[in-house]
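So you can see what is in the structure, the chains are spelled out below.
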Amino acid sequence: MQQTETQPIRLVLRLDLPPGSRLGRGKIELLEHIRETGSISAAGRAMDMSYRRAWLLVDALNQMFEEPAVEPQRGGKQGGGAQLTPFGDLLITRFRQMEQKAAAAMQADIDWLETRRRQAAGKPPE
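Residues numbered from 1 in each chain as written. Predicted model: local features only at pLDDT ≥ 70, side-chain atom pairs only at ≥ 80, totals over all residues. Heavy atoms only, no water.

**Digging into the packing of aromatic side chains**
Going through the model one piece at a time under the given rule, you end up with one aromatic pair. Centroid distance Phe65 to Phe87: 5.3 Å. Interplanar angle 55°. Geometry classified as tilted. On the criterion of sequence distance, the pair formed by Phe65 in the loop between helix 3 (51-64) and strand 3 (70-73) and Phe87 in helix 4 (residues 86-116) is long-range, its members being 22 residues apart. Owing to a relative accessible area of 19%, Phe87 belongs among the buried residues under this scheme. (Phe/Tyr/Trp six-rings, centres within 6.5 Å; stacked < 30°, edge-to-face > 60°. Helix = DSSP H or I, 4+ residues; strand = E, 2+ residues; numbered from the N terminus. Buried < 20%, exposed > 50% of the residue type's maximum accessible area, 1.4 Å probe, protein only.)

Structure representation (structure tokens):
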């Protein structure tokens, strides 16, 4: 498979929480969409996933910690929804801070790798 353009190297943070739970950018992005839309289904659609998949990820998040990250809202004329708990908001903030710290700590190594990696087909190294 040939690349048509060179994408920069990027660090992706994923935390493995024994015994088998994972917290990464996908779940955090889902929480961000729930915060924006007030809906698990709308958040799932924004990420091109089914409501069931989004709901399962939210359930997994709520089971990972002592406090839930998302809580359902009772329906009315417009139906129910979902909102982040204060813990859910803090989880997003802390995870994004961890990403920034990890990227800053590894920037010199990433730059070193970037200058030494094979370039995309047809592009000479700089």
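**Examining the packing of helix 1 (residues 25-37) against helix 4**
Close contact between helix 1 and helix 4 brings their axes to 10 Å; oriented N to C, the two are set at 135°. With respect to helix 4, the element helix 1 is oriented oblique. Note that helix 1 runs across helix 4; the crossing there is left-handed. Touching Arg25, Ile28, Glu29, Leu31, Glu32 and Arg35 of helix 1 are Gly88, Asp89, Leu91, Ile92, Phe95, Arg96 and Glu99, all from helix 4. Classifying every residue of the contact of helix 1 with helix 4 by side-chain character gives five nonpolar, one polar and seven charged. (Axes fitted to C-alpha atoms, helices over the stretch in contact; angles between N-to-C directions. Parallel < 35°, antiparallel > 145°, perpendicular 65-115°, else oblique. Left-handed = near helix turned anticlockwise from the far one by under 90°. Contact = heavy atoms within 4.5 Å. Nonpolar A, V, L, I, M, F, W, Y, C, P; charged D, E, K, R; others polar.)

**So, helix 4**
In a regular helix each residue adds 1.5 Å, so 31 residues correspond to 45 Å; helix 4 covers 44 Å between its end C-alpha atoms and thus fits that length. The largest bend in helix 4 comes to about 60°, at Gln107. Listed as buried for helix 4 are Phe87, Gly88, Leu91, Ile92, Phe95 and Ile110. For helix 4, the elements touching its buried residues are strand 1 (14-17), strand 2 (21-24), helix 1, helix 3 and strand 4 (81-84). (Expected span 1.5 Å × (residues − 1). Bend = angle between axes of the 7 residues up to and from the residue.)

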